[in-house]
Structure formats: C-alpha cells, structure tokens
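Observations on the three-dimensional arrangement
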2 protein chains.
Amino acid sequence: MATPNAAPSERTRVRRLPERATYDAEAIAAVVDAAPLAHIGFAHEGSVHVIPTAVWREGGHLYIHGAKASRLLKALVASECCVTLSLLDGLVMARSAFHHSMNYRSVVVYGRFETVDGTAAKFRSLQAFMEKLSPGRWNALRPVSDKELNATTVLRLSLAEASLKARSGGPKDDDEDMAWPVWAGVLPLSLQAGAPQTDPQSVVREAPSVPLRWG
Amino acid sequence: MATPNAAPSERTRVRRLPERATYDAEAIAAVVDAAPLAHIGFAHEGSVHVIPTAVWREGGHLYIHGAKASRLLKALVASECCVTLSLLDGLVMARSAFHHSMNYRSVVVYGRFETVDGTAAKFRSLQAFMEKLSPGRWNALRPVSDKELNATTVLRLSLAEASLKARSGGPKDDDEDMAWPVWAGVLPLSLQAGAPQTDPQSVVREAPSVPLRWG
Ligand SMILES: Cc1cc2nc3c(=O)[nH]c(=O)nc-3n(C[C@H](O)[C@H](O)[C@H](O)COP(=O)(O)OP(=O)(O)OC[C@H]3O[C@@H](n4cnc5c(N)ncnc54)[C@H](O)[C@@H]3O)c2cc1C
Ligand SMILES: Cc1cc2nc3c(=O)[nH]c(=O)nc-3n(C[C@H](O)[C@H](O)[C@H](O)COP(=O)(O)OP(=O)(O)OC[C@H]3O[C@@H](n4cnc5c(N)ncnc54)[C@H](O)[C@@H]3O)c2cc1C
Ligand code: HEM
Ligand code: HEM
C-alpha cells in the first residue's frame with residue numbers, strides 16, 4: 001500500500017546497500033515505537049552535537065521532552081536536525097571476517113522540531129510517553145502539577161522525511177568459503193528487562209508485571 | 001587519579017545535571033568498550049547527518065570501519081564531528097510522572113577522524129574489532145584477503161575531548177510523595193544474547209559459548 005512518504009527525498013535516499021532500505025510510513029512508525037532512545041544531531045555554535053534522549057510517537061510525529069532551559073531543546077526549534085534511532089538485533093558471524101555484520105533496524109529522520117504548546121497538550125503527550133513505557137501506569141501516579149508542566153518542554157518532529165534501513169537473516173559468505181570449519185550463524189541480541197528492583201521506601205512492594213513492548 | 005582529559009573543554013562541559021558527568025579517560029574507555037554502536041553526527045552538503053556504526057577502541061582512540069566508497073567515511077576525514085555512545089541501563093519508575101527517568105551511561109566525543117593507513121595496520125585493527133565481539137574467533141576464520149582490506153576504510157578518533165554522563169540508582173521523588181500507593185523502583189535493562197541460530201549450511205553445528213562482554 002502506498003503511504004505518503006513511500007518515496008525517498010534526495011537526502012533520505014539510501015545509497016549504500018539500498019536493497020536494505022524502505023520509506024514506508026508504517027514500517028518507520030514501528031521502529032520508532034520499538035526504540036526507547038533517539039540520537040539527535042544538530043549544529044550549534046560552530047559544532048555538530050549528537051545528544052541521546054527518550055522518544056515516543058503519536059501519529060506521524062516523533063516526540064521528545066526535557067527542561068525548558070535545555071540547550072538541546074532551545075537549539076532544536078531554531079534549526080533543522082537529524083534524528084536517528086537504531087535497534088541492534090543480532091551479531092552475524094560469517095566464515096570470513098569481511099562478511100561479519102549486524103542485524104538491525106534503524107531510522108533516520110530529517111526536519112525541524114516544533115513546540116507542543118499548552119498545558120493540556122503537554123499533559124496528553126507525556127501521558128502517551130508513559131503509555132509506551134508502562135501501559136496503564138499514568139493514572140496510578142501522583143498527578144502531574146502545573147508547575148511541573150511549566151518546567152517541561154515537549155517537542156515534536158514530523159516523520160515525513162525519513163528512511164528505514166534494516167538487515168536480517170544469516171551470514172552471506174562467498175561460495176568458496178561455505179565449508180570453512182568455523183561456526184557460522186547469528187547471535188540474536190535484544191534489550192531485556194531484569195528482575196525489578198523495588199525502592200526500599202516503596203509502599204507497594206510487588207512490582208507490576210509489564211511486558212516490555214519496546215527495546 | 002588525574003587522567004589527561006579529566007577536565008572538560010568548553011564544548012564538553014555538561015551543563016544540565018552536571019553532577020552526573022565525569023571526564024575521566026578510564027571511565028570513558030569503559031563505556032566505549034561496553035557499547036556495540038556509536039551514532040556519528042557530521043555536517044555535509046548543508047545538512048547534519050547522524051549515522052549509526054559499529055565501534056571499538058584501541059588505547060585512546062575510538063575506531064569505525066566501512067566501505068572505501070561510503071559517504072560517511074569520506075565526509076568524516078574532511079570535517080569535525082560528534083560521536084555519541086549510549087547504554088540504556090534501566091527504567092526508573094517514580095511515584096510522580098515528572099520524576100521518572102532512565103539509568104544510563106553515555107559518552108559524547110568531539111574531534112576529527114583520521115585514516116588508519118596500510119594493509120598491516122588495518123588488519124591489526126579489524127582483528128581488535130573482532131576480539132571485542134567474539135574473543136578468539138579471528139584465527140578460526142578464513143583469512144582476510146588484500147582485496148577485502150583494500151575495499152575497507154578504517155578510521156580512528158581521539159577520545160581526548162569527551163564527556164561521560166551517567167545516572168544510576170532508584171527514583172528521587174519529592175518528600176511529600178514517598179507514601180504514594182504505587183510501585184516505585186527500577187526496571188533494569190540490558191542487551192542480552194538469545195539462543196545462537198546456526199546457519200543451515202554451517203559445517204560446525206555447535207555454537208561456541210562466548211559470554212557477551214559488551215552491550
Ligand atoms: C547497528 C548498525 C551497525 C552498523 N555498522 C556499520 C559499520 O560498522 N560500518 C558501516 O559502514 N556501516 C554500518 N552501518 C550502516 C550505516 O548506518 C550506514 O547505512 C552506512 O555506513 C552507509 O552510510 P552513508 O552515510 O555512506 O550512507 P548513504 O547511503 O550515502 O546515506 C544516504 C541516506 O540514506 C539514509 N540512511 C543511511 N544509513 C541509514 C541507516 N542506517 N538507517 C536509516 N537510514 C539510513 C539517510 O537518510 C542518509 O542520509 C550500521 C548500521 C546499524 C544500524
Ligand atoms: C538513555 C538516555 C535518555 C535520556 N533521555 C532524556 C530525555 O528524555 N530528556 C532530556 O532532556 N534529556 C535526556 N537525556 C539526557 C541528554 O542526553 C542530555 O544530557 C540533556 O538533554 C542535556 O542536553 P543539552 O544539550 O541541553 O546538555 P548540555 O549540558 O548543555 O551539554 C553540554 C555538553 O555536555 C556533554 N553532554 C551532554 N549530554 C551528554 C550525555 N548524555 N552524555 C555525555 N555527555 C553529554 C556534551 O559534551 C555536550 O556538548 C537522556 C540521556 C540518555 C543517555
Ligand atoms: C569484526 C566483525 C565485523 C562486523 C560486526 C562488521 C559489521 C558491519 C556492518 C554492520 C556493516 C554495515 C552493513 C550495512 O550497511 O548494512 C559493515 C560494513 C562493511 N564492513 Fe564490516 N564488519 C566486521 C568486519 C569487517 C571486516 C574484517 C572487514 C574487512 C576486511 C569489513 C568490511 C566492511 C565493508 C567494506 C563494509 C561496507 C559495506 C558497504 O557499504 O558496501 N567488515 N560491517
Ligand atoms: C514517562 C516517563 C519519563 C521518563 C522515562 C523520563 C525520562 C527522562 C530522562 C532520562 C531525562 C534526562 C535526565 C538527565 O539528564 O539525566 C529527563 C529529563 C527531564 N524530564 Fe523526564 N521522563 C519522564 C516523564 C517526565 C514527565 C511526565 C515530565 C514532566 C511533567 C518530565 C520532565 C522532565 C524534565 C523537566 C527534564 C529535564 C531535567 C533537567 O535537565 O534538569 N519527564 N526525563
């Protein structure tokens with residue numbers, strides 16, 4: 001099915017190994033939903049900076065948040081940037097060093113962030129952020145105050161100019177190497193949650209069991 | 001113990017939550033060793049780009065590799081860049097939404113990559129890369145050819161101008177919220193290896209058990 005950004009822009013057209021690329025909005029949205037983090041690149045005072053932040057998605061936009069006073073957030077509304085999200089899915093072990101690789105899904109987005117204005121809009125958006133990380137938790141929390149909302153900036157970036165590149169599957173060795181006597185295959189990798197560490201002063205002692213839907 | 005870059009430069013001085021920062025070379029090296037990936041930010045043809053790549057360390061330098069023809073690698077030797085490595089260690093669940101956070105270790109490096117020249121130097125360096133990912137594997141592989149080395153560019157970046165920012169530990173809630181009846185604590189997160197997937201044509205069927213020393 002054709003989607004609005006199913007074709008690349010001049011900037012997002014993947015040149016190296018283009019067979020690993022897609023520009024499909026739904027596939028791009030799925031990677032943003034699965035990624036806890038984004039790396040944001042922007043130019044400021046003569047240097048390029050790359051800063052990691054938490055990230056979530058609503059519709060066709062990617063969202064970030066932080067302090068109103070943050071350099072990152074102030075610089076982003078003033079200029080174009082590039083946001084990259086990468087999920088490492090495995091280590092690909094070939095018969096030759098040269099054909100080793102990684103399995104991954106990554107998205108590169110270009111554009112300019114815009115401010116999410118107003119207490120109500122920020123409230124709804126931060127609720128969506130919490131919903132990504134721990135569905136259902138928001139209503140159990142001490143309610144967010146206006147003071148907290150005022151100290152917080154929420155920004156969003158359109159996913160319209162974005163590319164997805166992904167590798168999956170086993171090693172691709174040269175024909176003449178197939179019988180080389182070394183183990184070849186994939187070591188799958190994923191972000192996993194360990195046993196919850198209850199805060200010593202937590203009144204509720206039993207951690208809710210929330211399956212990890214991202215990472 | 002004082003190390004060469006134990007003090008920040010004007011660019012690397014962490015301003016937001018500076019108590020989470022350090023500039024110690026050994027601590028920075030440990031994060032590079034633990035990180036499978038880096039996100040590289042550079043300006044090229046009027047845009048900032050952020051590209052993910054595998055990364056390893058030798059002494060005071062961080063290394064990357066790729067195709068000789070790659071835009072990324074060609075652009076990097078021509079200008080300054082910013083390289084960021086982030087390890088997500090946990091989700092910090094507070095009693096209020098506002099005090100939720102993530103535990104992490106991240107390094108931001110500024111500088112300019114230089115080319116690792118010569119077949120022998122590239123060979124040694126790619127061997128060090130393999131040693132990070134799968135210790136001892138290099139000698140079992142079909143040997144690297146000169147043709148492969150010629151098609152490959154290896155670049156390195158000094159870690160001299162770098163900062164490390166890290167958060168660990170439980171939620172820091174406001175005093176008046178401590179008895180709020182919601183679970184508070186940390187959900188630890190880490191990159192884990194799953195069961196090895198042996199290639200259907202692998203002559204060796206038993207995967208070597210290599211503990212994950214990074215990720
Ligand atoms: C986990 C991981 C590890 C990797 N390790 C290496 C490595 O060690 N060496 C190496 O050479 N490459 C590696 N890559 C691939 C790397 O991200 C680039 O795709 C590749 O280096 C080509 O870069 P380029 O700037 O020359 O690409 P070009 O194809 O010239 O880039 C053109 C445009 O394509 C899009 N694009 C490029 N790369 C990506 C991407 N990864 N995801 C989404 N869109 C993209 C962007 O819009 C970019 O502006 C890795 C990728 C991932 C996710
Ligand atoms: C996993 C993770 C999730 C995060 N989520 C968020 C979020 O959702 N919202 C948010 O506001 N912040 C988040 N951060 C923190 C974020 O990376 C920045 O530290 C923060 O946003 C301040 O950015 P700034 O450019 O305003 O910092 P400044 O303090 O002005 O940056 C000055 C210099 O400090 C150094 N520096 C800044 N940040 C880092 C870093 N993370 N690691 C190493 N050196 C650094 C760099 O050299 C930078 O040039 C997260 C960090 C990590 C690792
Ligand atoms: C040590 C284990 C290695 C790993 C994990 C690894 C991983 C990777 C990855 C993930 C890519 C990106 C491919 C993509 O764009 O999807 C890549 C590209 C590349 N690697 Fe490696 N690599 C390894 C060893 C080597 C060695 C030893 C060589 C050379 C002797 C080499 C040469 C290359 C080249 C030339 C490319 C560029 C491919 C292209 O863009 O056309 N790699 N590598
Ligand atoms: C939903 C879960 C949330 C998570 C996982 C989260 C995560 C984070 C992280 C990791 C940081 C960076 C701290 C650092 O620099 O070390 C941060 C900063 C910040 N967050 Fe959140 N956050 C969440 C919800 C909220 C909410 C609901 C608000 C506001 C109501 C908020 C306001 C802020 C502010 C103001 C900062 C900046 C701190 C500073 O730089 O001084 N966060 N958040």
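Below you will find a few notes about this structure.

What counts and how
- Residues numbered from 1 in each chain as written.
- Chains lettered and ligands numbered in written order.
- Predicted model: local features only at pLDDT ≥ 70, side-chain atom pairs only at ≥ 80, totals over all residues.
- Heavy atoms only, no water.
- Least-squares fit on C-alpha atoms with pLDDT ≥ 70 in both.
- Donors = N, O, S within 2.8 Å, 3.2 Å for Na, K, Ca; no water.
- Helix = DSSP H or I, 4+ residues; strand = E, 2+ residues; numbered from the N terminus.
- Polar contact = N/O pair within 3.5 Å; in protein donor to acceptor, adjacent residues only side chain to side chain.
- Contact = heavy atoms within 4.5 Å.
- Buried < 20%, exposed > 50% of the residue type's maximum accessible area, 1.4 Å probe, protein only.
- Pairing = 2+ DSSP bridges.
- Expected span 1.5 Å × (residues − 1).
- Arc of directions from axis to C-beta.
- Buried area = accessible area lost by both parts, 1.4 Å probe.
- Salt bridge = Lys/Arg side-chain N within 4 Å of Asp/Glu carboxyl O.
- Nonpolar A, V, L, I, M, F, W, Y, C, P; charged D, E, K, R; others polar.

Mapping chain A onto chain B calls for a rotation angle of 180 degrees and an axial translation of 0.0 Å; the resulting RMSD is 0.0 Å. Here the copies are linked by what is in effect a two-fold axis. Every residue of chain A has its C-alpha some distance from the rotation axis, and the shortest such distance is that of A:Leu191, at 2.1 Å.

We now examine the coordination of the iron atom of ligand 4. Counting protein donors to the iron atom of ligand 4 gives just one, A:His65 (NE2), placed at 2.1 Å. Within the element layout of this structure, A:His65 appears in strand S5 (residues 61-67).

Here we come to the side chain of B:Thr84. Summarising the element assignment, B:Thr84 is placed in strand S6 (residues 81-93). Reaching out from B:Thr84, the side chain makes a polar contact with the backbone oxygen of A:Val50 at a distance of 2.6 Å. Here B:Thr84 is in contact with A:His39, A:Val50, A:Pro52, B:Ala38, B:His39, B:Val107 and B:Val108, once residues within four sequence places are set aside.

All names here are of chain B. Counting buried residues in strand S2 (residues 37-44) gives six out of eight residues, a clear majority hidden from the surface. Here eight bridges tie S2 to strand S3 (residues 47-54), and the two strands are oriented antiparallel to one another. Bridge pairing in S3 links Ala43 to Val48. Here S2 pairs with S6 via three bridges, running antiparallel. Bridge pairing links Gly41 to Cys82 in S6.

With that settled, the discussion passes to helix H3 (residues 119-133) of chain A. What sets the pattern is the α-helix's 3.6 residues per turn: residues three or four places apart point alike. All names here are of chain A. Given a rise of 1.5 Å per residue, 15 residues ought to cover 21 Å, and the 21 Å separating the end C-alpha atoms of H3 matches this to within 8%. Looking only at H3, the buried set comprises Lys122, Ser125, Leu126, Phe129, Met130, Lys132 and Leu133. Considered in projection along H3, the buried side chains sweep an arc of 155 degrees and stay on one side of the axis.

It is worth spelling out the interface of chain A and chain B at this point. Contacts between the two partners involve 83 residues from chain A, matched on the other side by 83 residues from chain B. Both sides of the chain A and chain B interface together cover about 6,800 Å² of buried area, and 65% of this is carbon and sulfur. Summed over the shared surface of chain A and chain B, the result is six salt bridges. Ionic pairing is found between A:Arg95 and B:Asp199, a salt bridge with its closest N-O pair at 3.1 Å. In this structure, the connection of chain A to chain B is made through 39 residue pairs in polar contact (both at pLDDT 80 or more). Looking at the side of chain A that touches chain B, the elements with two or more residues in it are strand S2 (37-44), strand S3 (47-54), strand S6 (81-93), strand S7 (101-111), H3, strand S11 (185-193) and strand S12 (197-198) of chain A. With nine residues, the top contributor of residues to the side of chain A that touches chain B is S11(A). The residue makeup of the side of chain A that touches chain B, split by class, is 50 nonpolar, 21 polar and twelve charged. The pairing of S11(A) with strand S12 (residues 197-198) of chain B spans two bridges and is classified as antiparallel. Among the inter-strand pairings, A:Val186 is bridged to a residue of S12(B), identified as B:Gln197.

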